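So the chains spell out like this:
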Amino acid sequence: MGKTLLEKVWDLHTVRTLPTGQTQLFIGLHLVHEVTSPQAFDALRIRGWNVAFPERTFATVDHIVPTRERKRPFLDVMAEDMMAALERNCREFGVPLWNLGDERQGIVHVIGPETGLTQPGLTIACGDSHTSTHGAFGAIALGIGTSQVRDVLATQCLAIEPLRVRRIRVNGGLPRGVYAKDVILAIIRRLGVRGGVGYAYEYAGDTVGRMSMDERMTMCNMSIEGGARVGYVNPDETTFRFLEGRRFAPAGDAFDAARAWWSSLASDPDARYDDDVELNAAALTPVVTWGTNPGQSVGVDESIPVPDEAPEAERPGLKDALDYMGFKPGQGVEGVKIDVAFIGSCTNARLSDLREAARIVRGRRVAPHVKALVVPGSASVLHAAEREGLDEVFREAGFDWREAGCSMCLGMNPDKLEGRQVCASSSNRNFKGRQGSPTGRTLLMSPAMVAAAALAGEVVDVREIVQ
Ligand code: SF4
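Enquirer: How should I be thinking about the domain arrangement of the protein in this particular structure?
Expert: It is common to give the size of an interface as the accessible area lost on bringing the parts into contact. With domains assigned, the protein is organised as domain 1 (5–160), domain 2 (164–283) and domain 3 (288–464). Its C-alpha centre places domain 1 at a distance of 22 Å from the equivalent point of domain 2. On the side of domain 2, 32 residues touch domain 1, which itself brings 32 residues to the contact. Both sides of the domain 1 and domain 2 interface together cover about 2,600 Å² of buried area, and 63% of this is carbon and sulfur. On the surface where domain 1 and domain 2 come into contact, there are one salt bridge.

Put into structure tokens, the structure is as follows:
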């Protein structure tokens, strides 16, 4: 019987099975940011411990950094304290910090891949739920909490429950105007936001095989929104081409040796899966969330559900989401007026996302009542986009062009919704209050759909714009 990639990588990193039945798993790469690390470093300091493997630990700042005015000290005292704590901790414990002004600064899940730190076969941990992004490379990438950040800093190990594997095969050509974001939103809609609990999601099929690494990252990024602890894609030539020449990737003969080993990690053809699901990509349409979790979505040409027509158990949740969002049962999602358009986040702020959004806004104007902003995922993405003139395309259309960071994905920096504003967002969470206003409303969609909504001032079908 063959093995899945998850089993192979898991076995290679297992230190031992603990009496609890958990695995003590060695972590190959630990990514650190300013929000979930201060107490973890403090715990080490109190006990007089060191970081066990500083050479496997890298830090950056993303969640709390302002994207417009970066002068220190920040006006937000709490944000300044977090920044100062990370700087002090990295200095004291010998951890490299990619700080503001560094070309490698950016959202932690963008900079890991773009520097070549993220590689197939690694176990990766980071104190952020969307660490699953790195699974696009065939890594087992785990989002962890602050106490586990402490554990990994001190021991380079995690105690973790074994996972089952659900293979999700996506086949067929993606229709015009339908993107990786729509595929993952459709998967979450079908399997539910808790459908992946206890599972790793293996994304396979010819659609995924044709996807770029950026698209695969978008898919894996949102695995956690479907309840899966990790999501991954088996490494292939697309993966290897992406990694070759990157700063932390092996070079020369070492790259060839690594490529052979990486290839051997892919799930075997006769591997056994705990579950198997298929999705027809050719039948998908652009997806928009209408509710307060990423599973509450519809195709852009569909209507918002009517609770009374749903199974009894689902009705309270649907009613609550409709009340919060202020939508009527059965109304169309197309035509919903927006106040803010946000293109950014670790889901969709890579260069290819910005290129596709720029293709839509080029030569057009943002609707007068819409505040629109583009926040590149990293300093490197920002500069690459500027070299292509994308910043000018966005500025001329009426978008704000910002510095790299998490920005309006969550309300921990100055970029926040106000009051009941409705935001068309390329991010990954539409929870109540997620974007900084306790009553703010988030509609998740692809960056192309956000761009189209910014121009129209309301949700529109991007298929009517893209060629
Ligand atoms: S962009 Fe959003 S989801 Fe991604 S790391 Fe930042 S806050 Fe988390």
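Enquirer: Quick question: what am I supposed to make of the site of the ligand here?
Expert: In the region of the ligand, the neighbouring residues are H63, I107, H109, D128, H130, S345, C346, C406, C409, L410, N428 and R434. Taken together, the residues of the shell around the ligand sort by class into five nonpolar, five polar and two charged. Composition of the shell around the ligand by domain shows at least three residues from each of domain 1 (5–160) and domain 3 (288–464).

Enquirer: I would appreciate a short explanation of the sheet that holds strand β16 (residues 371–374) in the present structure.
Expert: Think of a sheet as strands paired side by side through backbone hydrogen bonds, with each pair either parallel or antiparallel. Ordered by their spatial adjacency, five strands build an open sheet running β17-β16-β15-β18-β19, and the pairing between neighbours is parallel. Only two strands of the sheet have a single partner each, and these edge strands are β17 (400–401) and β19 (441–444). One ladder, built from three bridges, connects strand β15 (residues 340–343) with strand β18 (residues 422–425); its direction is parallel. When the bridges of β18 are listed, A341 appears paired with A424.

Enquirer: It is not clear to me how the packing of helix α12 (residues 351–361) against helix α15 (residues 447–456) should be interpreted in this structure. Could you clarify?
Expert: Packed helix pairs are specified by the crossing angle of their axes together with the interaxial distance, meaning the distance between the axes. Viewed as axis vectors pointing N to C, α12 and α15 meet at an angle of 30°, and their least axial separation amounts to 8 Å. Accordingly, the angle class assigned to the pair α12 and α15 is roughly parallel. Crossing angle aside, the handedness with which α12 passes α15 is right-handed. Each of D353, E356, A357, I360 and V361 in α12 lies in contact with α15, whose residues at this interface are P447, A448, A451, A452 and L455. Its residues assigned to classes, the contact of α12 with α15 shows eight nonpolar, no polar and two charged.

Enquirer: Help me understand the layout of surface pockets, please; the structure alone is not making it clear to me.
Expert: If you roll a probe as big as a water molecule over the atoms, it shows you where there is empty space left. Of the volumes computed, that of the largest pocket is approximately 420 Å³. Together, 25 residues line the largest pocket, and D214, R350, L351, S352 and D353 are the ones closest to its centre. For the lining of the largest pocket, the elements supplying multiple residues, two or more each, are α4 (108–115), α6 (180–191), α8 (213–221), α12, α13 (379–387) and α15. For the lining of the largest pocket, the leading source of residues is α8, giving five residues. There is about 350 Å³ of room inside the second largest pocket. Together, 17 residues line the second largest pocket, and W290, G295, Q296, E314 and L318 are the ones closest to its centre. Among the residues forming the lining of the second largest pocket, the class breakdown is seven nonpolar, seven polar and three charged. Two domains share the lining of the second largest pocket, each providing at least three of its residues, namely domain 2 (164–283) and domain 3 (288–464).

Parameters and conventions
Residues numbered from 1 in each chain as written. Predicted model: local features only at pLDDT ≥ 70, side-chain atom pairs only at ≥ 80, totals over all residues. Heavy atoms only, no water. Domains from an automatic or database assignment. Contact = heavy atoms within 4.5 Å. Buried area = accessible area lost by both parts, 1.4 Å probe. Salt bridge = Lys/Arg side-chain N within 4 Å of Asp/Glu carboxyl O. Near = heavy atom within 4 Å. Nonpolar A, V, L, I, M, F, W, Y, C, P; charged D, E, K, R; others polar. Pairing = 2+ DSSP bridges. Helix = DSSP H or I, 4+ residues; strand = E, 2+ residues; numbered from the N terminus. Axes fitted to C-alpha atoms, helices over the stretch in contact; angles between N-to-C directions. Parallel < 35°, antiparallel > 145°, perpendicular 65-115°, else oblique. Left-handed = near helix turned anticlockwise from the far one by under 90°. 1 Å grid on protein atoms, 1.4 Å probe; cavity = no way out; pocket = protein on both sides within 12 Å on 5 of 7 lines; lining within 4 Å. Points joined across faces, edges and corners; volume = space filled by probe spheres on them.

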